[in-house]
Amino acid sequence: DGGITQSPKYLFRKEGQNVTLSCEQNLNHDAMYWYRQDPGQGLRLIYYSQIVNDFQKGDIAEGYSVSREKKESFPLTVTSAQKNPTAFYLCANPWSSGAQDTQYFGPGTRLTVL
Amino acid sequence: SQQGEEDPQALSIQEGENATMNCSYKTSINNLQWYRQNSGRGLVHLILIRSNEREKHSGRLRVTLDTSKKSSSLLITASRAADTASYFCATDTTSYGKLTFGQGTILTVHP
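Residues numbered from 1 in each chain as written. Chains lettered and ligands numbered in written order. Predicted model: local features only at pLDDT ≥ 70, side-chain atom pairs only at ≥ 80, totals over all residues. Heavy atoms only, no water.

## Considerations on the packing of aromatic side chains
Phase 1: Per the counting criterion, the structure on display carries nine aromatic pairs over all chains.
Phase 2: Ring geometry for Tyr35 of chain A versus Phe101 of chain B: centroids 5.4 Å apart, planes at 85°, classification edge-to-face. Of the two residues, Tyr35 of chain A is situated in strand S4 (residues 32–37) and Phe101 of chain B in strand S10 (residues 99–101); the pairing between them involves two chains. In this pair, the class of Tyr35 of chain A matches that of Phe101 of chain B, namely buried.
Phase 3: Between Tyr64 of chain A and Tyr89 of chain A, the ring centres sit 5.9 Å apart and the planes meet at 65°, which makes this aromatic pair edge-to-face. Taken together, the positions of Tyr64 of chain A in strand S7 (residues 64–66) and Tyr89 of chain A in strand S9 (residues 87–97) put the pair 25 residues apart, joining distant regions of the chain. Pair check on accessibility: Tyr64 of chain A and Tyr89 of chain A agree, each one buried.
Phase 4: Over the ring of Phe74 of chain A we find Arg68 of chain A, and its NZ or CZ is 5.9 Å from the ring centre.
Phase 5: A cation sits over an aromatic face here: Arg110 of chain A above Phe88 of chain A, 4.4 Å from the ring centre. (Phe/Tyr/Trp six-rings, centres within 6.5 Å; stacked < 30°, edge-to-face > 60°. Helix = DSSP H or I, 4+ residues; strand = E, 2+ residues; numbered from the N terminus. Buried < 20%, exposed > 50% of the residue type's maximum accessible area, 1.4 Å probe, protein only. Lys NZ or Arg CZ within 6 Å of the ring centre and 35° of its normal.)

Here you go:
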């Protein structure tokens, strides 16, 4: 999974609770991304960070928050304001070689709201 | 909104046959990438094609890009049961690698 770890693999949450998903990388890369995937759908970008202490909203940031206090860590908090939080969450780390930018993905966290 | 639209949504073939998946997009791109996802797992990068390239090969994979039609295709030759997965195209329209993904094609290869 390209040096990216996500925990936990499965997460259950009661409605109205905040929950934090972990993403750690050992690739020493500046940028990190969070995506959400719903069944039968592609990935949608939630938040991304290009450098420590800086992050930007993606296409579906409402109901989510992030922090980037350390280069190796980019935790995602799913707040109670997120109306449909049940989904598969993927963290990714861009990798560049010359002009090519690909992304390494973590194994994902499947969040289920009960 | 999704930048990439993939076709077909699902494809079922026999082992040994070729599989072709198509991706269309709306805006100019820097590059287009194909990823594979096994059920319940993270995505794995397969191949990247730049906007000034027309065709690229990697093993049994062949990707074409037609920027005039804003479309790309992924061909998997001599498919195997292990190729069963979802395949996604993703477009890079920025200078810093921000990708926009299509909805994917579910490929099933029957042994």
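## Observations concerning the sheet that holds strand S1 (residues 4–7) of chain A
Residue and element names in this part refer to chain A.
Phase 1: An order of S1-S3-S8-S7 is seen for the four strands of this open sheet, with the pairing classed as antiparallel. At either end of the open sheet lies a strand with only one pairing partner, and these are S1 and S7. In this sheet, adjacent strand axes meet at a mean angle of 20° when their direction is disregarded.
Phase 2: With three bridges joining them, strand S3 (residues 19–25) and strand S8 (residues 76–78) adopt antiparallel strand pairing. Residue pairing across strands places Val19 opposite Val78, the latter belonging to S8. (Pairing = 2+ DSSP bridges. Axes fitted to C-alpha atoms, helices over the stretch in contact; angles between N-to-C directions.)

## Topic: the interface of chain A and chain B
Phase 1: Listed per partner, the contact involves 22 residues of chain A and 21 residues of chain B.
Phase 2: Carbon and sulfur atoms supply 50% of the area buried between chain A and chain B, which totals about 1,800 Å² over both sides.
Phase 3: Seen at the junction of chain A and chain B, the total is two residue pairs in polar contact (both at pLDDT 80 or more).
Phase 4: Where the side of chain A that touches chain B is concerned, the elements lending two or more residues are S4, strand S5 (43–51), S9 and strand S10 (100–105) of chain A.
Phase 5: Here the side of chain A that touches chain B is composed, by residue class, of nine nonpolar, nine polar and four charged. (Contact = heavy atoms within 4.5 Å. Buried area = accessible area lost by both parts, 1.4 Å probe. Polar contact = N/O pair within 3.5 Å; in protein donor to acceptor, adjacent residues only side chain to side chain. Nonpolar A, V, L, I, M, F, W, Y, C, P; charged D, E, K, R; others polar.)

## Re the pairing of S1 of chain A
Residues in a regular strand point their side chains to alternate faces of the sheet.
All names here are of chain A.
Phase 1: Across the two faces of S1 the burial differs, with Ile4 and Gln6 buried and Thr5 and Ser7 not buried at all.
Phase 2: Bridge count between S1 and S3: four bridges; the pairing is antiparallel. Note that in S3 the partner of Ile4 across the bridge is Gln25.

## Quick look at the sheet that holds strand S7 (residues 61–66) of chain B
All names here are of chain B.
Phase 1: Reading across the sheet, the five strands line up as S1-S3-S8-S7-S6 and stay open at both edges, with antiparallel pairing between neighbours. Looking at strand neighbours, the two that pair on one side only are strand S1 (5–7) and strand S6 (55–58), the edges of this open sheet. Between one strand and the next, the sheet's axes are offset by a mean angle of 15°, whatever the strand orientation.
Phase 2: Here six bridges tie S7 to strand S8 (residues 71–76), and the two strands are oriented antiparallel to one another. Within S8, the residue paired with Arg62 across the bridge is Leu75.

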